[in-house]
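Okay, here's what each chain looks like letter by letter:
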Amino acid sequence: TELGVERRFVPESCPRTVRPGDFVRYHYLGAFPDGTRFDSSYDRGSTFNVFVGKGQLIAGMDQALVGMCVNERRFVKIPPRLAYGSEGVPGVIPPNAVLHFDVLLIDLWNLEDEVQVQTYFKPEKCPRTVQVSDFVRYHYNGTFLDGTLFDSSHNRMRTYDTYVGIGWLIPGMDQGLLGMCVGEKRIITIPPFLAYGEDGDGKDIPGQASLVFDVVLLDLHNPKDGIAIENQLVPESCERRSQTGDFLRYHYNGTLLDGTLFDSSYSRNRTYDTYVGKGFVIAGMDEGLLGVCTGEKRRIIIPPHLGYGEEGRGKIPGSAVLVFDIHVVDFHNPSDSVGITVHYKPSNCTVLSKKGDYLKYHYNASLLDGTLLDSTHSLGKTYNIVLGSGQVVLGMDMGLQDMCVGERRTVVIPPHLGYGEDGVEGEVPGSAVLVFDIELLELVSGLPEGYMFVWNGEVSPNLFEEIDQNHDGEVLLEEFSEYIQTQVDTGKGKLAPGFDFEMIVKNMFTNQDRDGNGKVTAEEFKLKDQEAKEEHDEL
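Residues numbered from 1 in each chain as written. Predicted model: local features only at pLDDT ≥ 70, side-chain atom pairs only at ≥ 80, totals over all residues. Heavy atoms only, no water.

Chemist: Talk me through the overall build of the protein; I want residue IDs and the actual numbers.
Modeler: Helices and strands together make up the secondary structure of the protein, namely twelve helices and 28 strands. In terms of C-alpha radius of gyration, the protein reaches 46 Å, well past the compact-globule figure of 24 Å for 539 residues. Along the three orthogonal principal directions, the C-alpha set of the protein runs to about 155 × 50 × 45 Å. Within the protein, the fraction of its 539 residues that count as buried is 45%. Here the analysis covers contacts within the protein between residues at least 6 apart in sequence; of these, 69% occur between residues at least 24 apart. Working note: accessible area of the protein is about 28,400 Å², and carbon and sulfur atoms make up 49% of it. Across the protein, the 48 positively charged side chains and the 80 negatively charged ones have centroids separated by 10 Å. (Helix = DSSP H or I, 4+ residues; strand = E, 2+ residues; numbered from the N terminus. Rg over C-alpha atoms; globule rule 2.2 N^0.38 Å. Buried < 20%, exposed > 50% of the residue type's maximum accessible area, 1.4 Å probe, protein only. Contact = heavy atoms within 4.5 Å. Areas by Shrake-Rupley, 256 points an atom, 1.4 Å probe, with all protein chains shown as cover. Lys, Arg positive; Asp, Glu negative; His and termini not counted. Charge placed at Lys NZ, Arg CZ, Asp CG, Glu CD.)

Chemist: With reference to specific residues and values, describe the UniProt feature "domain: EF-hand" (unreviewed entry) in the protein.
Modeler: The UniProt entry lists residues 455–490 and 500–535 under the feature "domain: EF-hand" (unreviewed entry), expressed in the numbering used here. Between the end C-alpha atoms of residues 455–490 the distance is 11 Å, and the span holds 50% helix and 8% strand. (UniProt positions renumbered as here; feature names shortened; annotations may be inferred.)

Chemist: Any chance you could break down the layout of surface pockets for me, citing the residues and the numbers?
Modeler: The probe, sized like a water molecule, is rolled over the atoms to show the empty space still left. When its volume is computed, the largest pocket comes out at roughly 680 Å³. Surrounding the largest pocket, 27 residues form its lining, P127, L257, R299, I301 and V323 being those nearest its centre. Secondary structure elements with two or more residues in the lining of the largest pocket: strand 12 (211–221), strand 13 (228–233), strand 14 (247–256), strand 17 (297–302) and strand 18 (322–332). For the lining of the largest pocket, the class distribution of residues is 15 nonpolar, five polar and seven charged. When we break the lining of the largest pocket down by domain, the ones giving at least three residues each are domain 2 (116–221) and domain 3 (228–332). (1 Å grid on protein atoms, 1.4 Å probe; cavity = no way out; pocket = protein on both sides within 12 Å on 5 of 7 lines; lining within 4 Å. Points joined across faces, edges and corners; volume = space filled by probe spheres on them. Nonpolar A, V, L, I, M, F, W, Y, C, P; charged D, E, K, R; others polar. Domains from an automatic or database assignment.)

Chemist: Just give me the short version of the packing of aromatic side chains, but keep the residues and values in it.
Modeler: Applying the stated rule across the entire model yields 31 aromatic pairs. Seen from their ring centres, F262 and F324 are 5.8 Å apart, and the 85° between their planes marks the pair as edge-to-face. Of this pair, F262 sits in strand 15 (residues 261–264) while F324 sits in strand 18; the two residues are 62 residues apart in sequence, bridging distant segments of the chain. The exposure class of F262 is buried, given its relative accessible area of 11%. (Phe/Tyr/Trp six-rings, centres within 6.5 Å; stacked < 30°, edge-to-face > 60°.)

Chemist: Help me get a handle on the packing of helix 10 (residues 477–489) against helix 11 (residues 501–512), residues and values and all.
Modeler: Remark: helix 10 packs on helix 11, axes separated minimally by 10 Å, with the N-to-C direction vectors making an angle of 120°. Relative to helix 11, helix 10 is oriented oblique. Crossing handedness for the pair helix 10 and helix 11: right-handed. Every residue of helix 11 that contacts helix 10 at L477, F480, S481, I484 and Q485 is listed here: F501, V505, K506, M508 and F509. Looking at the contact of helix 10 with helix 11 residue by residue, the class counts come to seven nonpolar, two polar and one charged. (Axes fitted to C-alpha atoms, helices over the stretch in contact; angles between N-to-C directions. Parallel < 35°, antiparallel > 145°, perpendicular 65-115°, else oblique. Left-handed = near helix turned anticlockwise from the far one by under 90°.)

Chemist: Account for helix 10, naming residues and giving values.
Modeler: The terminal C-alpha atoms of helix 10 lie 18 Å apart, and with 13 residues this matches the ideal 18 Å at 1.5 Å per residue to within 8%. Within helix 10, burial applies to E479, F480, Y483, I484 and Q487. Seen end-on, helix 10 carries its buried residues on one side only, within an arc spanning 125°. The exposed residues of helix 10 that point more than 90 degrees off its buried face are E478 and D489. Packed against the buried residues of helix 10 are strand 25 (453–455), helix 9 (463–467), strand 26 (474–475), strand 27 (493–495) and helix 11. One or two residues past the end of helix 10 sits G491, with phi positive at roughly 80°. (Expected span 1.5 Å × (residues − 1). Arc of directions from axis to C-beta.)

Chemist: Give a description of the pattern of salt bridges that names residues and reports values.
Modeler: A pair can form between side chains of opposite charge whenever their charged atoms are brought close. Inspection of every chain in the model, using the stated rule, returns 27 salt bridges. The residue E296 makes a salt bridge to R241 at a minimum N-O spacing of 3.8 Å. Of this pair, E296 sits in the loop between helix 6 (283–288) and strand 17 while R241 sits in the loop between strand 13 and strand 14, placing them 55 residues apart in sequence. Since its relative accessible area comes to 1%, E296 is described here as buried. (Salt bridge = Lys/Arg side-chain N within 4 Å of Asp/Glu carboxyl O.)

Chemist: Talk me through helix 11; I want residue IDs and the actual numbers.
Modeler: In this model, helix 11 (twelve residues) spans 17 Å end to end at C-alpha, consistent with the 16 Å of a helix rising 1.5 Å per residue. When helix 11 is considered as a whole, its buried residues turn out to be I504, V505, M508, F509 and Q512. Along the axis of helix 11, the buried residues cluster in a sector spanning 130°; they form a single face. Every exposed residue of helix 11 that faces more than 90 degrees away from the buried side is listed here: E502, K506 and N511. Two or three places before E502, at the opening of helix 11, D500 has a side-chain oxygen 3.3 Å from that residue's backbone nitrogen. (Polar contact = N/O pair within 3.5 Å; in protein donor to acceptor, adjacent residues only side chain to side chain.)

Here it is in structure tokens:
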């Protein structure tokens, strides 16, 4: 005669229980005391959905459901006076029947419920939170209140990407995402009237279902966002900042907003080299690289509309905010010339280096970021060249001009006057600006341009006869070489300094051997001033 309730299973976690006025969804088996079944929600494939305590159920069930937890299972015995009484239900429930119900509570909510948010992880740093009209990328697992999974972005291996607060989401999710930080994890519980309501979604979500979303926010931006720059290291000395049209070499780590690495120049052991402000890189990077110093480290945060947009690229998903931690190695402009800074100049500075002079100097060579490339000091010997003869890069030829012995200077050479785009494999990176700290130790004055040998005095009027020692009317290379060597040894003549003797003599002889037969005759033999005069007369 009394209502009987046996709690056969009670979950460990029970955040709320059924109260009169709540709406519940439950499964049940209905049977008579002899075990004969008269009804089952399982057979219909849908829960029984009803308000509790509002007379929509038989009185015994109204009472039996109060205090239940979601996922709790109860065995309920209902006497006739709390069921269908002396009348029963014709054809189904006989008069004065005791009813047994095996009940499993699936869902529970109240019309006064709001969206519930439970944050279980929040990053220490949270520079911004989700606001209305922001665009977000997040992963989620979607379950019903009993824990049954109905959807997961993780299973699709793709984030859910959407605007917040403008009606693209169910109202409860629009509310539940507000205030989240990137990296935050929260559980959002949504009553059906803020989700898919009485009808469900027509596929996986039944009507009147409470939804639970376990969400992790990966990305966040607003269409109005520009790039954000965070200066991490700015050198104390910054003589020049990058401008549109400059060419930069920089290292970078590229990550998504949640810290996922998608690219790194360090892993390739090679800088990224590009022009700035000319559209060679994404718009946000073009902007973020302006105004940097050599050696500067900065973080550039780029919204997707200034990055790779809705489509993404490679490892970069669509609509992703990009974070670049960059280190500027060097930069230059194609219009740059050689930069010269004199650190010391002797007071007695009358002889200045010029094209053709033979120079001996020490140097330390480095990149703009200070990386040492080479040093004559470590080799213990000077570097020796003929200035302007192409024995060094063009920028060094320019940087060594007009220098005194004992002078110390720094020469900065842009790549188009150095080793160009290719550099020197294993030694000098491509497109690198070079810095040489130079000290000139010795200078041997060269000959006038175009001369490999000059006389220190008057030239003999019988020069050919003097060279032709056997007086056969022909001069061989051996005779010519021996004669020039004698003139140099006795101080009567001077060779261009810094060149190989045999090479110079052979070139001089070849110039005189006009028919190329290996012999020079008196008719072929001419001094340089004679050649110049004849050419002038012909003109």
